[in-house]
Amino acid sequence: MIKIRRGTKSDAPIILNLIKELAHYENALDKVTVSLEDLEEDGFNKNPLFWTILAEIKSEVVGMAFYYIRYSTWDGKIFYLEDFVVSKSFRKLGIGTLLFEECVRVTKKINANGMAWQVLNWNQPAINFYKKYNAELKNDWTNGKLHKKQINKLII
């Protein structure tokens with residue numbers, strides 16, 4: 001029996017573990033700088049910056065969708081799926097489908113004008129998963145980013 005539910009502050013440690021599990025899969029574990037305290041403060045206060053949908057089996061959290069609402073100048077309100085992960089030993093059980101479809105339901109519920117995410121171009125299992133939903137997968141934009149260390153070095 002797979003249960004899908006909203007994440008709570010008490011789930012922050014397992015949320016961080018799932019973030020790290022995904023980063024490990026993406027060969028970027030050393031890039032994770034968010035702390036447990038960051039997650040607790042930013043996601044579970046009066047004005048949360050993100051929300052989570054968790055999947056659990058027998059009270060064990062085995063998957064997560066991590067999202068926030070972004071505002072597009074072209075499209076308006078967009079449900080942004082920041083991270084989507086199912087623990088390795090629980091893949092191929094339909095958990096990803098349940099989490100993703102709950103994200104679609106939330107997108108409809110909040111009347112967002114769409115749902116967006118990124119997927120690494122080498123992650124063929126994820127690409128195949130999204131194709132099942134007839135998702136539009138584009139590669140015509142280059143992502144830009146400044147990390148905190150880079151920002152702190154800028155003299156502005």
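For the structure given in this document, a descriptive report is provided here. These numbers were taken from a predicted model, which means no experiment stands behind them.

The subject of this paragraph is helix H4 (residues 124–131). All buried positions along H4 are accounted for by Ala126, Ile127, Phe129 and Tyr130. Take H4 and look down its axis: the buried residues cluster within an arc of 160 degrees, on one side only. Turned more than 90 degrees from where H4 packs its buried face, Pro125 and Lys131 sit exposed.

This part covers the sheet that holds strand E4 (residues 76–86). The five strands lie next to each other as E1-E2-E3-E4-E5, forming an open sheet whose pairing is mixed. Every other strand in the sheet has two partners, leaving strand E1 (2–6) and strand E5 (115–117) as the edge strands with one partner each. Between one strand axis and the next, the sheet turns through 30 degrees on average, direction left out of account. Of the strands in this sheet, strand E2 (51–57), strand E3 (60–72) and E4 touch helix H1 (residues 12–25), which is tilted by about 85 degrees from E3. Of the strands in this sheet, E1, E2, E3, E4 and E5 are in contact with helix H3 (residues 95–109), which crosses E4 at around 165 degrees.

Attention shifts here to the pairing of E4. Where burial is concerned, most of E4 is hidden: nine out of the 11 residues are buried. Here 10 bridges tie E3 to E4, and the two strands are oriented antiparallel to one another. Bridged to Ala65 within E4 is Phe84. Pairing analysis gives three bridges linking E4 to E5, with the strands arranged parallel. Bridge pairing in E5 links Phe79 to Met115.

The next subject is the packing of aromatic side chains. Taken as a whole and assessed by the stated rule, the structure comprises 16 aromatic pairs. Between Tyr68 and Tyr80, the aromatic rings sit 5.2 Å apart at their centres with planes inclined by 35 degrees, giving tilted as the arrangement. Placement of the pair is Tyr68 in strand E3 and Tyr80 in strand E4, with a sequence separation of 12 residues. Taking relative accessible area as the criterion, Tyr68 reaches 26% and is therefore assigned partly exposed.

Rules used throughout
Residues numbered from 1 in each chain as written. Predicted model: local features only at pLDDT ≥ 70, side-chain atom pairs only at ≥ 80, totals over all residues. Heavy atoms only, no water. Buried < 20%, exposed > 50% of the residue type's maximum accessible area, 1.4 Å probe, protein only. Helix = DSSP H or I, 4+ residues; strand = E, 2+ residues; numbered from the N terminus. Arc of directions from axis to C-beta. Pairing = 2+ DSSP bridges. Axes fitted to C-alpha atoms, helices over the stretch in contact; angles between N-to-C directions. Contact = heavy atoms within 4.5 Å. Phe/Tyr/Trp six-rings, centres within 6.5 Å; stacked < 30°, edge-to-face > 60°.

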